[in-house]
Amino acid sequence: MRNIELLMPAGNLEKLEYAVRYGADAVYLGVVDFSLRAMRKGSIITLDNLDHAVELAHKLGAKAYVTLNIFAFNKDIKLLEECIERFAAAKPDAVIVSDFGILNLVRKKMPNTQIHISTQTNTLNYESVKFWRDFGASRVILARELPIKDIAEIRKQVPDIELECFIHGAQCVSFSGRCLLSDYFTNGERNANHGNCSQSCRWSYKLVEETRPGEYYEINQDERGSHILSPKDLCLVEYLPQLIEAGVDSLKVEGRTKSLYYVSAVAKTYRAAIDECLNNPSNPDLHKYFIELQKVGNRGYTTGFALGENKPDSYSYDISKGLAGADFLCEFKGEVQNNSYLVKIKNKMNLNDEVEIITPTEQFITKVLKITNKDGEELPLGNTNDDVWIEFSQEPKDYKFAIARTIGVKSHVS
C-alpha cells in the first residue's frame, strides 16, 4: 500500500505535538525572519529551540520540515549565512525553499538535508518539476493553481520525485502567494513575502469604476462594504481518491497561525479520511468528513482550481474572518482528580451542557455534571480563560490531549 503523507502546520511547540498526536505524519515549521508565516506568540519556534522542535517531532514518530521560503534580499542572505549552521545542527528532514540564493546556501551548508521546493515558485508543469529534480530537489510543492488532471500528467512525466499539494486551508488571492497588496497598503511595513502579511485581501472594499462608464462589476455590498478579494478556504477532503490516484505523495494543510483546536480537529479528520481512502479505495464515504471540517474556522469552502476552474463562488463576498461551525470550549490540561478534569476554558461552559469531546483516539458526546474552581467551590459555569475542574458523564480515556467543543454545525458556515 502506498504511503500518503498528511502534512500539518506547526505554528509552535504545542501545536506541533497536537498535530502529530492527532494524526500528522509530518509537520512543517518556521522561525521568525525566514518563514512566510512567522508566529509571534505561544511557545514559538526559534533558532534556540529549533533542535528541540525537530527532536520532538522525531520522538513522536513524525518528520519535521523547516521553512526557509522567504524571497531573500542581500541582508537576508547575510543573516542566513550567520546562522545556517544552527539550522543544520537541528537536523530537519527537509528544508522548504523558494529563493535560488537560499537554495544555493542550503546545498553548500546542509548537503545531507533534503530540499523541498516551495509552492511560491509557481511550479505548474512537468518541465519545471524536472528542472527542480535535476537541481537536487527531492520534492516539489506544486502551485495551488493546478487542477488534479495536470498533477496526474506531471506524475506521469516525472515519476522519480515526490509531489506535494495543498488540500485544505486559507488561500491567497494572488498567483501562488506572490502579492504586494500588504506592502502597498502598509507603506512597506508589512511585507507579505517576509512572513508579515496584513491580509489586505480580507479587508472590506467599495468598488468604484470611473473610467469605463456603463461597465458594471456585480458585487454584493452592505454597510460594511464588499470583500471582493477574499477567497474561500480550500477543502479537498471529498477529492482525496483523485489526488491519491494522481500520484500525490504529501497532502498539505495550511494554517501555522491557526488555533490549537483547528490543528487538532483538521488533523484528526484528514487522518481518518485518508485512512478510509486507503483501506476502502473502491467506495470511501467522504462527505461525513466534509461535515466535520465545517466545525473548524473557515470562510466557506471551495475546491479552488482542483477541478479545472475557479468559479466566482470561490470567493467570500460577505465575510473575511473564518467562522467556526462549532465553538472550541476547553482544552484539557492533563490532570484528573475525583473524576474531574482540569481544563482551560476557551468559550463559556455551563453546568448540564452537552458537549463533544475529541481526543487523538476518541470522539463522543457527553454532559457537564459538575464545575468547580481551584478551591473546590461548585460553579454554575466556567468563564473564558478560567482554569476549572469539570466532571463529565462520559470520561475521555486519552484525556491528556483532549479538547471539547459544541455539538453540531452552526448554520452560518456554508
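Numbers given to residues run from 1 along each chain, matching the order in which its sequence is written. Only residues with pLDDT of at least 70 are given local features in this predicted model, and only at 80 or more are side-chain atom pairs given and counted; all residues enter the totals for whole chains, interfaces and linings. Water and hydrogen atoms were dropped before computing side-chain values, which therefore reflect all heavy atoms in the structure.

Engineer: Go over the overall build of the chain, please, and point to the residues and values.
Structural biologist: Where helices and strands are cited, they refer to DSSP runs of H or I of at least four residues and of E of at least two residues respectively, numbered from the N terminus. Tallying secondary structure elements over the chain gives 10 helices and 18 strands in all. Three exposure classes are used, based on accessible area relative to the maximum for each residue type with a 1.4 Å probe and protein chains only: buried under 20%, partly exposed in between, and exposed over 50%. For the chain, the residues scored as buried account for 53% of the 414 residues in total. Every residue pair with non-hydrogen atoms within 4.5 Å of one another is taken to be in contact. In the chain, once contacts between residues fewer than 6 apart in sequence are set aside, the share between residues at least 24 apart is 68%. Computed with the Shrake-Rupley method and a 1.4 Å probe, the accessible areas treat only the protein chains shown as cover for residues. As presented, the chain carries roughly 19300 Å² of accessible surface, and 46% of it is formed by carbon and sulfur atoms.

Engineer: Can you explain the packing of helix α1 (residues 13–21) against helix α2 (residues 50–59)? Please cite residues and give values.
Structural biologist: Where helices are involved, their axes are fitted lines through C-alpha atoms of the stretch in contact, as for all axes, and angles between N-to-C directions lie from 0 to 180°. At their nearest, the axes of α1 and α2 sit 10 Å apart, and the two run at 15° to each other. Taken together, the axes of α1 and α2 are roughly parallel relative to one another. Once α1 is placed against α2, the crossing between them reads as right-handed. Only His 52, Ala 53, Leu 56 and Ala 57 of α2 make contact with α1, whose side of the interface consists of Leu 13, Leu 16 and Glu 17. Here the term charged refers only to Asp, Glu, Lys and Arg, the term nonpolar to Ala, Val, Leu, Ile, Met, Phe, Trp, Tyr, Cys and Pro, and the term polar to all other amino acids, Gly among them. Residues belonging to the contact of α1 with α2 are distributed by class as follows: 5 nonpolar, 1 polar and 1 charged. Oblique is the label for any angle not under 35 degrees, not over 145, and not in the 65 to 115 range, which are roughly parallel, roughly antiparallel and roughly perpendicular in turn. Crossing handedness is defined as follows: a turn of the near helix away from the far one that is anticlockwise and smaller than a right angle gives a left-handed crossing, while the clockwise case is right-handed.

Engineer: Outline the nonpolar core, listing residues and values.
Structural biologist: Buried residues of nine kinds, namely Ala, Val, Leu, Ile, Met, Phe, Trp, Tyr and Cys, make up a nonpolar core once their side-chain atoms join them within 4.5 Å. In terms of nonpolar packing, the biggest core is built from 98 residues, with Leu 29, Leu 68, Phe 87, Leu 240, Leu 243 and Tyr 270 touching the most fellow members. For this core, the element with the highest residue contribution is helix α9 (residues 260–279), accounting for 12 residues. Beyond its immediate sequence surroundings of up to four residues, Leu 68 is in contact with Phe 34, Leu 80, Phe 87, Val 95, Ile 96, Val 97, Ser 98, Ile 102 and Val 106. Within the second largest apolar cluster, 18 residues are counted, among which are Ile 345, Ile 357, Ile 371 and Ile 390.

Engineer: I'd like a rundown of unusual backbone geometry, residues and numbers included.
Structural biologist: With a phi close to 55°, Lys 91 is a non-glycine residue in the positive phi region. Along the chain, Lys 91 turns up in the loop between α3 (74–90) and β4 (94–97). In this model, Asn 352 sits at a positive phi of 75°, which is unusual for a non-glycine residue. Mapped onto the elements of the fold, Asn 352 is located in the loop between β13 (349–350) and β14 (354–358).

Engineer: Quick rundown of the pattern of salt bridges? Include the residues and the values.
Structural biologist: Side chains that carry opposite charge are capable of pairing whenever their charged atoms lie near each other. The working definition used for a salt bridge is a side-chain nitrogen of Lys or Arg within 4 Å of a carboxyl oxygen of Asp or Glu. This structure, assessed with the given rule, holds 24 salt bridges. Here Arg 139 makes a salt bridge to Glu 5, at a shortest N to O gap of 2.9 Å. A residue pair is termed long-range when its members are at least 10 positions apart, and Arg 139 in strand β6 (residues 139–141) and Glu 5 in strand β1 (residues 5–9) qualify at 134 residues. Assessed through its relative accessible area of 6%, Glu 5 is described here as buried. We note a salt bridge from Arg 86 to Asp 48, for which the minimum N-O separation is 2.5 Å. With Arg 86 in helix α3 and Asp 48 in the loop between β2 (26–30) and α2, the pair connects residues that are 38 residues apart, well separated along the chain.

Engineer: Go over the packing of aromatic side chains, please, and point to the residues and values.
Structural biologist: Pairing of aromatic side chains requires ring centres within 6.5 Å, counting the rings of Phe and Tyr and the six-membered ring of Trp. Pairs whose planes differ by under 30 degrees are stacked, by over 60 edge-to-face, and all others tilted. Applying the stated criterion across every chain yields a total of 13 aromatic pairs. Ring centres of Phe 131 and Phe 135 lie 5.5 Å apart, and the angle between their planes is 20°; on these two criteria the pair is classed as stacked. Judged by relative accessible area, which is 38%, Phe 131 ranks as partly exposed. On the numbers, 5.6 Å between centres and 25° between planes, the contact of Phe 332 with Phe 392 is stacked. Residue Phe 332 is located in strand β11 (residues 328–337), and its partner Phe 392 is located in strand β17 (residues 387–392); the two are separated by 60 residues in the primary sequence. Among the aromatic residues, those joined into a cluster by ring pairs are Phe 100, Phe 131, Trp 132 and Phe 135. Any Lys NZ or Arg CZ found within 6 Å of a ring centre and within 35 degrees of that ring's normal is scored as a charge over the ring. Across from the ring centre of Phe 166, 3.7 Å away, lies the NZ or CZ of Arg 144, which sits over that ring. In this arrangement the basic side chain of Lys 258 is found over the ring face of Tyr 262, its NZ or CZ atom lying 4.2 Å from the centre.

Engineer: Summarise the sheet that holds β17; cite the residues concerned and give the values.
Structural biologist: Sheet architecture is closed into a barrel: 6 strands sit in the order β11-β12-β17-β15-β14-β18, paired in antiparallel fashion. Sheet twist, expressed as the mean angle between neighbouring strand axes with direction ignored, is 45°. The pairing criterion is simple: DSSP has to find at least two bridges between the two strands. The pairing of strand β15 (residues 363–372) with β17 spans 4 bridges and is classified as antiparallel. Note that in β17 the partner of Val 368 across the bridge is Phe 392. The sheet contacts of α9 involve β11, β14, β15 and β18 (403–405), and relative to β18 the element is tilted by about 90°.

Engineer: Which residues make up the pairing of β2, and what values go with them?
Structural biologist: Of all 5 residues in β2, 5 are buried, a share of seventy percent or more. Burial along β2 is two-sided: Ala 26, Tyr 28 and Gly 30 and Val 27 and Leu 29, pointing in opposite directions, are all buried. Looking at chain direction, β1 and β2 are connected through 3 bridges and run parallel. By the bridge assignment for β2, Pro 9 is matched with Tyr 28. When β2 meets strand β3 (residues 63–68), the two strands line up parallel, connected through 5 bridges.

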